[in-house]
Structures are given as C-alpha cells and as structure tokens.
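Commentary on secondary and tertiary structure
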Amino acid sequence: MEHGHMTRNKLNSLISNPVTFEIPLTEGVGKELPKIVVENDLINLISNIKYRLPSRIVKRRKTKAENILSIFENDLVRAGPLSLIQGSRESILRDINNFINNKNPIEFLILAVPFKAPNPLKVSHAECDLGEVAFILRLSEITRLIKEIYNPGAKFLVLSEGLSLFDIMGVSKKEAVEYREQIKKLVKELNLEKQIIILDLLEDATSKFINFQESFNVNLLRIKKEFKDGKKEILKQVEQVLPTIFLSINTREFSTDEVVKIYTMNSPAAKKLKRTA
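The paragraphs below set out a description of the structure included in this document.

Scoring rules and cut-offs
Residues numbered from 1 in each chain as written. Predicted model: local features only at pLDDT ≥ 70, side-chain atom pairs only at ≥ 80, totals over all residues. Heavy atoms only, no water. Pairing = 2+ DSSP bridges. Helix = DSSP H or I, 4+ residues; strand = E, 2+ residues; numbered from the N terminus. Axes fitted to C-alpha atoms, helices over the stretch in contact; angles between N-to-C directions. Contact = heavy atoms within 4.5 Å. Patch = residues over 30% accessible without salt bridge, like charges linked within 9 Å, V, L, I, M, F, W, Y side chains within 5 Å. Areas by Shrake-Rupley, 256 points an atom, 1.4 Å probe, with all protein chains shown as cover. Salt bridge = Lys/Arg side-chain N within 4 Å of Asp/Glu carboxyl O. Core = buried A, V, L, I, M, F, W, Y, C linked by side-chain atoms within 4.5 Å. Buried < 20%, exposed > 50% of the residue type's maximum accessible area, 1.4 Å probe, protein only. Left-handed = near helix turned anticlockwise from the far one by under 90°. Nonpolar A, V, L, I, M, F, W, Y, C, P; charged D, E, K, R; others polar.

Now for the sheet that holds strand S3 (residues 106-112). Spatially, the 3 strands line up as an open sheet ordered S3-S4-S5, and their pairing is parallel. Among the strands making up the open sheet, the edge pair consists of S3 and strand S5 (196-200). Sheet twist, expressed as the average angle between the axes of neighbouring strands with direction ignored, equals 25°. Across 7 bridges, the pairing between S3 and strand S4 (residues 154-160) is parallel. Looking at the pairing, glutamate 107 lines up with lysine 155 of S4. Where helix H8 (residues 173-189) meets the sheet, its contacts fall on S4 and S5, and the angle it forms with S5 comes to roughly 165°.

Given below as structure tokens:
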C-alpha cells in the first residue's frame, strides 16, 4: 500500500504502544511489535491509501471464465495451495460461465469477518482496523480486474459468522454485532456497497433454509459419533480446524503472561523442542 501524502506523525497516531509481549504464533518466539488500532479518523486515513492489484496477474487464455479464474490462481490473491483450485477447476469454470451466459454479475460467496479474535497476543482491541480495510480493498480490486474482462463485473457476498460463533468463542453477541456493523460502515465509506455486500450467516442465510436447525443437529450428532469412533476423515477435519480455534478462543480473562505461557508451550517451535529434548 502507498500512503499518499500521509505524514509520519499521522501514521504514528494510529499505532498503539506494544503490549508487554507479542508472539509470532507460527514460530513460538516472543517479540514486541506495534499494532495498528482503530481511531476516529480511520476513514480519513483510508482516503490516503492507494492499493491496486497489477493487471498482469490476469493470464490471457481462451475464454473469459478462464481469464477470471486466473486471477484467483495468482499468488497475490490466492491464500491456500493452488491444488485447491485445480481440483475443482471444471466446476468453478462451469459456475462462472453460468453467470456469463446469463449476462449477470458473477457472485462470489465468502465466510469471513465474524469478530476480532479475543486473544491479546493476536490483537489488543475489538474494533475494525487496517486489517479489515486491506481485506475490503483486496475484494474491490478483484472485482475491478474482473470488470476489465467481463463488463457486468462481479460482487462478493461476505457472510459474517459472528452470530453463529460468538458464544462458542466466548465473545459477546453485542461485540459480534458491532464488529459486523463497523465492516458495513467501512464498505459504505469506501463506496463499495454494490461490489461488496455484508450479510450475516445466521440472519440472512441459514434462516432461509427449511429445517436448517433440525438438519444441523442431525449432522452434529453424526460428527460427534464419527469422532468418538475414530473415523479418520473426521479426525483429519478436526485436526485441520483446531489451530484456528486454538488461536481464536477468548483468553481475555487471563493475564498476558499466562496466555504467553500457554501458547508458547503449545506452539510448533515448543513441541519440536520437546521432541528433541
């Protein structure tokens, strides 16, 4: 990101003092780092940010759908391994072509932005900050690149998981709702309401499915049974989501030193050290 004419003093006003101890959780090594925090003039800061994805990331292929898919295959956009896209390539292209054939904007659905992780080692506040701004601008840039390929463009439907997960993670409903509304405000201030639509998974999606709760309960019982029986597929799925849950549960009631001790003991670096000891 380029910060335009933003002065050093202005940027410094949006950086909080470091907490006593912050830890790169993937390494298990402690280090003090400043954090960007939300301020009343965050919106003013946004107007000074210039962020663009280069047009060169679009690979010119035979069809518009393939050109669009190439955006998501690029390292600047893709977060996971390329194999995740390649394994579903034909299905994704078919869905994109369905929108193109009907001359409609292409719709992408994302589960995201539930609330700030209530973990002081990850973030020291509950409000939106420049992380959310970067997320929104990234989605906006993807829609811009798609519109250069396909004129009706695209839009992202972002399903907030806040009301579905707040009680599991030890966050208040009020905090989850306020966070979601802050995201909506950022989208509005950036004039991106047509490209990025913030919805709620519980209020706007699951509530529209017939017998959703009944189906959910049935599947939950099935998963519990398969986990208890040691079914490999379920065990693998649980193992994949545990790191995210482990880093997202509410640890605010504990002191920073206590949390540091727990996470360092369970970090990959600490486990490796134990194995070699």
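A few words now on a nonpolar patch on the surface. A cluster of nonpolar side chains, Val241, Leu242, Ile245 and Ile249, forms an exposed patch at the surface whose accessible area comes to about 300 Å². Structurally, the position occupied by leucine 242 is in helix H11 (residues 232-246).

This brings us to the nonpolar core. Judged by nonpolar contacts, the single largest core of 45 residues is most densely connected at Ile68, Ile71, Phe72, Ile106 and Ile146. Taken together, the elements giving at least two residues each to this core come down to helix H3 (64-73), helix H5 (89-101), S3, helix H6 (130-149), S4, helix H7 (162-169), H8 and S5. When residues of this core are assigned to their parent elements, the largest contribution, 9 residues, is made by H6. Dropping the residues within four chain positions of it, isoleucine 106 is found in contact with Ile68, Ile96, Phe99, Ile100, Ile146, Tyr150, Gly153, Ala154 and Lys155.

Mapped onto the fold, arginine 144 is located in helix H6. Arginine 144 sits 91 residues away from leucine 53 along the chain, and the two C-alpha atoms are 9.1 Å apart. Discounting residues that sit within four places of it in the chain, arginine 144 has contacts with Arg52, Leu53 and Ser55.

Our focus in this paragraph is the packing of H7 against H8. Their axes nearest at 9 Å, the elements H7 and H8 cross at an angle of 145°. Judged by the twist between their axes, the crossing of H7 over H8 is right-handed. Note on element contacts: H8 touches H7 through Lys173, Ala176, Val177 and Arg180, opposite Gly162, Leu163 and Phe166. Its residues assigned to classes, the contact of H7 with H8 comprises 4 nonpolar, 1 polar and 2 charged.

Attention shifts here to unusual backbone geometry. Positive phi values are uncommon outside glycine, yet lysine 103 reaches one of about 55°. Within the secondary structure layout, lysine 103 lies in the loop between H5 and S3. Given a relative accessible area of 68%, lysine 103 falls into the exposed group. In the Ramachandran plot, valine 113 falls in the positive-phi region, its phi being about 40° despite a non-glycine side chain. Within the secondary structure, valine 113 sits in the loop between S3 and H6. With a relative accessible area of 12%, valine 113 lands in the buried category.

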